[in-house]
Amino acid sequence: MPVLSAQTLRHLLQHHLLRVDTPVDTARQVADNLVEASLKGHDSHGVTLLPRYINAIQVGDLNPYAELRLLRDEGPLVSFHGQCGFGQVLGQQAMSVGIRRARDYGVAIIGIHEAHHLGRIGAWAEQAAEARLVSLHFANVSAPSAVLPFGGKQPRLGTNPLCVGIPRAGHNPVILDFATSAIAGNKARIAWNEGRPLPEGCAVDHQGNPTTDASSLMQDPRGSLLAFGGHKGAGLSLICTLLGAALTGGQTESHRFPPRPGIINNMLSIIFDPLRLGAGEAWQQEMEAQLAWLRSSSDEVQIPGEPEARHYAQRSETGIYVDEVSWQQFLDLDPNQPV
């Protein structure tokens, strides 16, 4: 598999985005976001998504010129329509508004619906944490259902991610970011590309039988992903779609979506200033005491966000690998690509 530096991949992604008439600043921001996701170990939300984005632009599912449209402004509560624009751009803009409002009011609630793929939701929690703010994010995926509800026979839920970010003084923030399915849908795509089996307990085939064959999720007749943790993950997935979509004006999985190249996300974000709560400055000391208490259990204990930091350091040094299937998709976009 090709292994490329982050800078090389940034240039490559910008090249392909500019070829389909993406504005220069947007192409740079999208490329930076995707490369950052890959650097942090999330290949499923990284550079390999670019060919799908290009296809979505070409069929009209993704508008590279779209901007956030303000729907309602109630001070600490703000609602936006994403107009099927790049989530990497719109998500950053929406979080910037939320950060400013949280500084003004102590808390902000930001709704955004019908954005194209918002990418790694952890990036928006990191943005808030850099501003010393805590954030919670509930997102849904407006697409054909891929996940079984608990006890269900047919998929009725999305992979609907949940994310929480908590800043730490002098340290990387705590970033908990996960799909409510046992694995993210794009992780199944990467496994299929690489010819790897899925982990056990993640999926069933179209007849409801447990499977580790990634093709069962990528080819018809398609199977389904399972929610993580049984009824708990399925319940969280439902909460993400009720808060992230129904409450923001987006579409829940109850709509019958045709399969399309585009990835439409809706998200509700809650951002607040921890210093305005009862603990004041003492909350940081209590958090650090709890994290140290966790680490005292074993040298193998990891705090959410640490795997990403470790991957970032390693891949910044050694480069980012691109699986052969995705690399061929890049070549199909432009055989003369500048790599």
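Bear in mind that the values here come from a model prediction, so they are computed numbers and not experimental data.

Rules behind the numbers
- Residues numbered from 1 in each chain as written.
- Predicted model: local features only at pLDDT ≥ 70, side-chain atom pairs only at ≥ 80, totals over all residues.
- Heavy atoms only, no water.
- Helix = DSSP H or I, 4+ residues; strand = E, 2+ residues; numbered from the N terminus.
- Rg over C-alpha atoms; globule rule 2.2 N^0.38 Å.
- Buried < 20%, exposed > 50% of the residue type's maximum accessible area, 1.4 Å probe, protein only.
- Contact = heavy atoms within 4.5 Å.
- Areas by Shrake-Rupley, 256 points an atom, 1.4 Å probe, with all protein chains shown as cover.
- Lys, Arg positive; Asp, Glu negative; His and termini not counted.
- Charge placed at Lys NZ, Arg CZ, Asp CG, Glu CD.
- Core = buried A, V, L, I, M, F, W, Y, C linked by side-chain atoms within 4.5 Å.
- Expected span 1.5 Å × (residues − 1).
- Pairing = 2+ DSSP bridges.
- Axes fitted to C-alpha atoms, helices over the stretch in contact; angles between N-to-C directions.
- Polar contact = N/O pair within 3.5 Å; in protein donor to acceptor, adjacent residues only side chain to side chain.

A word on the overall build of the chain
Across its full length, the chain carries eleven helices and twelve strands. In terms of C-alpha radius of gyration, the chain reaches 20 Å, essentially the compact-globule figure of 20 Å for 339 residues. On the principal axes, the C-alpha backbone points of the chain span a range of 55 × 45 × 45 Å. Scored against the burial criterion, the 339 residues of the chain give a buried share of 52%. In the chain, 68% of the contacts between residues at least 6 apart in sequence involve partners at least 24 apart. Put simply, the chain shows about 15900 Å² of open surface, and 53% of that area lies on carbon and sulfur atoms. One finds the centroid of the 26 positive side-chain charges in the chain at a distance of 4 Å from the centroid of its 33 negative side-chain charges.

Here we look at the nonpolar core
Counting residues in each nonpolar core, the largest one holds 28 residues, and the members touching the most others are L9, L13, L34, V35, Y53 and F86. Within the residue set of this core, elements represented by two or more residues are α1 (6-19), α2 (24-39), α3 (50-59) and α11 (324-333). With six residues, the top contributor of residues to this core is α2. If sequence neighbours within four positions are ignored, L13 has contacts with A31, L34, V35, V47, L50 and F330. The next biggest cluster of nonpolar side chains, apart from the first, holds 26 residues, and it includes L90, A94, I175 and M267.

Here we look at α2
Along its 16 residues, α2 runs 22 Å from first to last C-alpha, staying within 8% of the 22 Å computed at 1.5 Å per residue. All of the buried residues in α2 are T26, A27, Q29, V30, A31, N33, L34, V35, A37, S38 and L39.

A look at unusual backbone geometry
The omega torsion of the bond from D220 to P221 falls at -5 degrees, within 30 degrees of zero and hence cis. The backbone of C84 sits at a positive phi, close to 60 degrees, despite the residue not being glycine. Under the relative-accessibility criterion, C84 is labelled partly exposed at 23%. A positive phi angle, near 65 degrees, is found at R132, a position not held by glycine. Relative to the helices and strands, R132 resides in the loop between α5 (122-130) and β5 (134-142).

Here we look at the sheet that holds strand β2 (residues 69-73)
Sheet architecture is open: seven strands sit in the order β2-β3-β4-β11-β5-β6-β7, paired in mixed fashion. Either end of the sheet is taken by a strand with one partner, and the two such strands are β2 and β7 (171-179). Sheet twist, expressed as the average angle between the axes of neighbouring strands with direction ignored, equals 15 degrees. Of the strand pairs in this sheet, strand β4 (residues 107-116) and strand β11 (residues 264-272) are connected by eight bridges, and their pairing is antiparallel. Following the sheet pairing, A108 is matched in β11 by I271. Across the sheet, helix α4 (residues 87-105) touches β2, β3 (77-81), β4, β5 and β11, and the angle it forms with β4 is around 165 degrees.

A word on the side chain of D43
Within the secondary structure, D43 is located in the loop between α2 and α3. Here D43 falls in the buried class, since its relative accessible area comes to 11%. Engagement of the side chain of D43 in a polar contact is seen with the side chain of Y321, the distance being 3.4 Å.

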